[in-house]
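Chain residues, written in single-letter form:
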Amino acid sequence: MRLRYSLLQSKMGEGIYIMLTVKPTGAALGAEIVGVDLSQPLDESTFEQIVNVWHEHEVIYFRHQKLTPEQHVRFSQRFGALELHVRKDCCRPGFHELFVVSNIVQDGKPIGSQDAGLFWHSDLCYLDIPSRGSLFYALEVPHDARGQALGDTRFASATAAFNALSDDVKQKIANRNAIQSYKKGYYRERNAGPRKPLSAAQEALTPDVAHPIVRTHPFTGKKCLFVNDGYTARIEDMEPAMAEPLLAELITHSTKPEFIYQHRWQVGDFLLWDNCSVQHQAVADYQLPLRRHMERTTLTGSKPF
Ligand code: SIN
């Protein structure tokens, strides 16, 4: 277990100093940042430190936040451009940048994506330019009869996974690409039954793409194992007899328990994950009438290398 440590003193507004405290989770990734109210304007040095802590810990979270949709979007925009999700029917009305993940049905219509993220994946890994990271805000969290929170999210460190590979496997995957396929993820078997077919326009937006299996993080330079069960379909330019068992081995390896942090949500949690150095999976252990309502902004990223 790593020690809790104070990170910095930062100036907020006119002469007000706040102390940010970073509490690593003790897992391969993840840290809580204490003492920041994200609804308030943050000065540049505080923001920079948050970004640095995020890059170091790959997942960071702030508890007890009270954000309007505008504040969620505004804070996210400090990191750069935001994605407008392919599934417009799942966005918060009036907020194209806010992707709603929820099992709630209002007036006979789901308010968001009811089965997002049930398979290990990295957001938008199936696009030519995958997402840099995602900012997830917990508005309603389901609980069981004993008051135990349900609907956790699991995060796996792709840097820890890469570092733990044998030299032999590292050699086999060096300079190789894998094909990331939105269709593979979209049409996977789900408890809720088959999804309606994608429209021609949606399909046109999401052709299969090839990305390096070993991706270099654009900010930290760390190597990340960029494969996931949800969307990685095959290894490019490798005989299937060799490629299929190798990809299966990489996918199994990438989510070994020692690379995982499992986040137990509280209402008001605001959590950022990095889509290069982390993959994630939602735990589907609840159903209506237990309600879960989360909203996500998704940062535009850069071409993988
Ligand atoms: C997602 O993959 O964006 C959703 C994760 C979750 O619902 O926990």
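An account of the accompanying structure is given in this report. (Residues numbered from 1 in each chain as written. Predicted model: local features only at pLDDT ≥ 70, side-chain atom pairs only at ≥ 80, totals over all residues. Heavy atoms only, no water.)

1. Focus: the overall build of the protein chain
The condition is simple: Helix numbers and strand numbers start at the N terminus; a helix is a DSSP run of H or I with at least 4 residues, a strand a run of E with at least 2. Atoms counted for the radius of gyration: C-alpha only. Globule rule: 2.2 Å times residue count to the power 0.38. Relative accessibility under 20% of the residue-type maximum defines a buried residue, over 50% an exposed one, and the middle range a partly exposed one, all with a 1.4 Å probe and only protein chains included. Here Asp and Glu are counted as negative and Lys and Arg as positive; His is not counted, and neither are the chain ends. Every charge is mapped onto a representative atom, which is NZ of Lys, CZ of Arg, CG of Asp or CD of Glu.
From N to C terminus, the protein chain includes 7 helices and 19 strands. A compact globule built from 305 residues should have a C-alpha radius of gyration of about 19 Å, and the protein chain, at 19 Å, falls within 12% of that. Principal-axis analysis of the C-alpha atoms gives the protein chain an extent of 65 × 50 × 40 Å. Expressed as a percentage of its 305 residues, the buried residues of the protein chain come to 54%. Of the side chains in the protein chain, 34 bear a positive and 35 a negative charge, and the two mean positions are spaced by 2 Å.

2. Regarding the pattern of salt bridges
As a reminder, the rule being used: Each reported salt bridge corresponds to a side-chain nitrogen of Lys or Arg within 4 Å of a carboxyl oxygen of Asp or Glu.
Counted by the stated rule, this structure contains 11 salt bridges. Across the salt bridge formed by Asp144 and Arg146, the nearest N and O atoms sit 3.8 Å from each other. Judged by its relative accessible area of 21%, Asp144 is partly exposed. Its salt-bridge partner being Arg264, residue Asp152 comes within 2.9 Å of it at the nearest N-O pair. With Asp152 in the loop between β9 (131-140) and β10 (153-157) and Arg264 in the loop between β16 (260-263) and β17 (270-274), the pair connects residues that are 112 residues apart, well separated along the chain.

3. Examining empty space enclosed by the protein
In plain terms, the rule: Only protein atoms enter the 1 Å grid, on which a cavity is a set of points fitting a 1.4 Å probe that cannot get out and a pocket is an open set with protein on both sides within 12 Å along at least 5 of 7 lines, lining residues being those with an atom within 4 Å of a point. Grid points are joined across faces, edges and corners, and a volume is the space filled by probe spheres set on the points. Classes in brief: Ala, Val, Leu, Ile, Met, Phe, Trp, Tyr, Cys and Pro nonpolar; Asp, Glu, Lys and Arg charged; the others, Gly included, polar.
Counted according to the given criterion, the structure contains 4 cavities of 30 Å³ or more. Of the volumes computed, that of the largest cavity is approximately 360 Å³. Along the walls of the largest cavity sit 30 residues, with Ala116, Gly117, His121, Tyr231 and Arg296 positioned nearest its centre. Secondary structure elements with two or more residues in the lining of the largest cavity: β6 (95-102), α5 (182-186) and β18 (278-282). The residue inventory of the lining of the largest cavity, partitioned by class, reads 14 nonpolar, 9 polar and 7 charged.

4. Focus on the site of the ligand
Applied cut-off: Throughout, the term near means that a residue has one or more heavy atoms lying within 4 Å of the molecule or strand in question. We define a polar contact as two N or O atoms separated by no more than 3.5 Å, with the added condition that, inside protein, one atom must be a possible hydrogen donor and the other a possible acceptor, whereas residues neighbouring each other in sequence contribute only through side-chain atom pairs. Note on areas: these come from Shrake-Rupley sampling with a 1.4 Å probe, and a residue is covered only by the protein chains present in the view. Pocket occupancy is defined atom-wise: a molecule lies in a cavity or pocket when more than half of its atoms are within 2 Å of its grid points.
Around the ligand lies a shell formed by Val101, Gly117, His121, Phe136, Thr153, Trp273, His280, Ala282, Arg292 and Arg296. At a separation of 2.7 Å, an oxygen atom of the ligand approaches a polar side-chain atom of Arg296. Here the ligand loses 99% of its free accessible area of 260 Å² to cover by the protein chains. At a threshold of 2 Å from the grid points, most atoms of the ligand map onto the largest cavity. For the shell around the ligand, the residue count by class is 4 nonpolar, 4 polar and 2 charged.

5. A closer look at the sheet that holds β10
What counts, and what does not: When DSSP locates at least two bridges between a pair of strands, those strands are taken to pair. The axes used here are C-alpha line fits, helices contributing only the stretch in contact, and every angle between their N-to-C directions lies in the interval 0 to 180 degrees.
Ordered in space as β16-β10-β18, the 3 strands form an open sheet in which the pairing is antiparallel. Single-partner strands in this sheet number two, and they are β16 and β18. Within the sheet, the average angular offset between the axes of one strand and its neighbour, ignoring direction, is 20°. Strand direction decides the pairing type here: β10 and β18, joined by 5 bridges, are antiparallel. What sits directly across from Ala156, in β18, is Gln279.

6. Comments concerning the pairing of strand β3 (residues 31-34)
For clarity, the threshold we go by: Classification remark: right-handed applies to a crossover when, strands pointing away from the viewer, the course from the first strand over the helix to the second runs clockwise.
As judged from the 2 bridges shared by β3 and strand β4 (residues 59-62), these two strands associate in the parallel manner. Pairing of Glu32 across the sheet is with Tyr61, part of β4. The handedness of the β3 to β4 crossover, carried by helix α1 (residues 44-57), is right-handed.

7. Describing the pairing of β17
Every other side chain in a regular strand lies on the same face of the sheet, so the side chains alternate between the two faces. For β17, the buried fraction is high: 5 of the 5 residues fall into the buried class. By the alternation rule, side chains of β17 split into Phe270, Leu272 and Asp274 and Leu271 and Trp273, which are all buried. Bridge count for β4 against β17 is 4 bridges, and the pairing is antiparallel. Pairing of Val59 across the sheet is with Trp273, part of β17. Pairing of β9 with β17 involves 5 bridges; the strand directions are antiparallel. Within β17, the position partnered with Phe136 by the bridge is Leu271.

8. Focus: the nonpolar core
Heads up, the condition is: In plain words, nonpolar cores are sets of buried Ala, Val, Leu, Ile, Met, Phe, Trp, Tyr and Cys residues tied together by side-chain atoms within 4.5 Å. Any two residues whose heavy atoms approach within 4.5 Å are treated as being in contact.
Counting 26 residues, the largest nonpolar core has Ile33, Phe62, Phe79 and Phe270 as the members making the most contacts within it. Only β2 (16-24), β3, α1, β4, α2 (69-77), β6, β9 and β17 provide two or more residues apiece to this core. By residue number, the principal contributor to this core is α1, which donates 5 residues. Setting aside chain neighbours within four positions, we find Phe79 in contact with Phe47, Val51, Trp54, Arg132, Leu135, Leu272 and Leu299.

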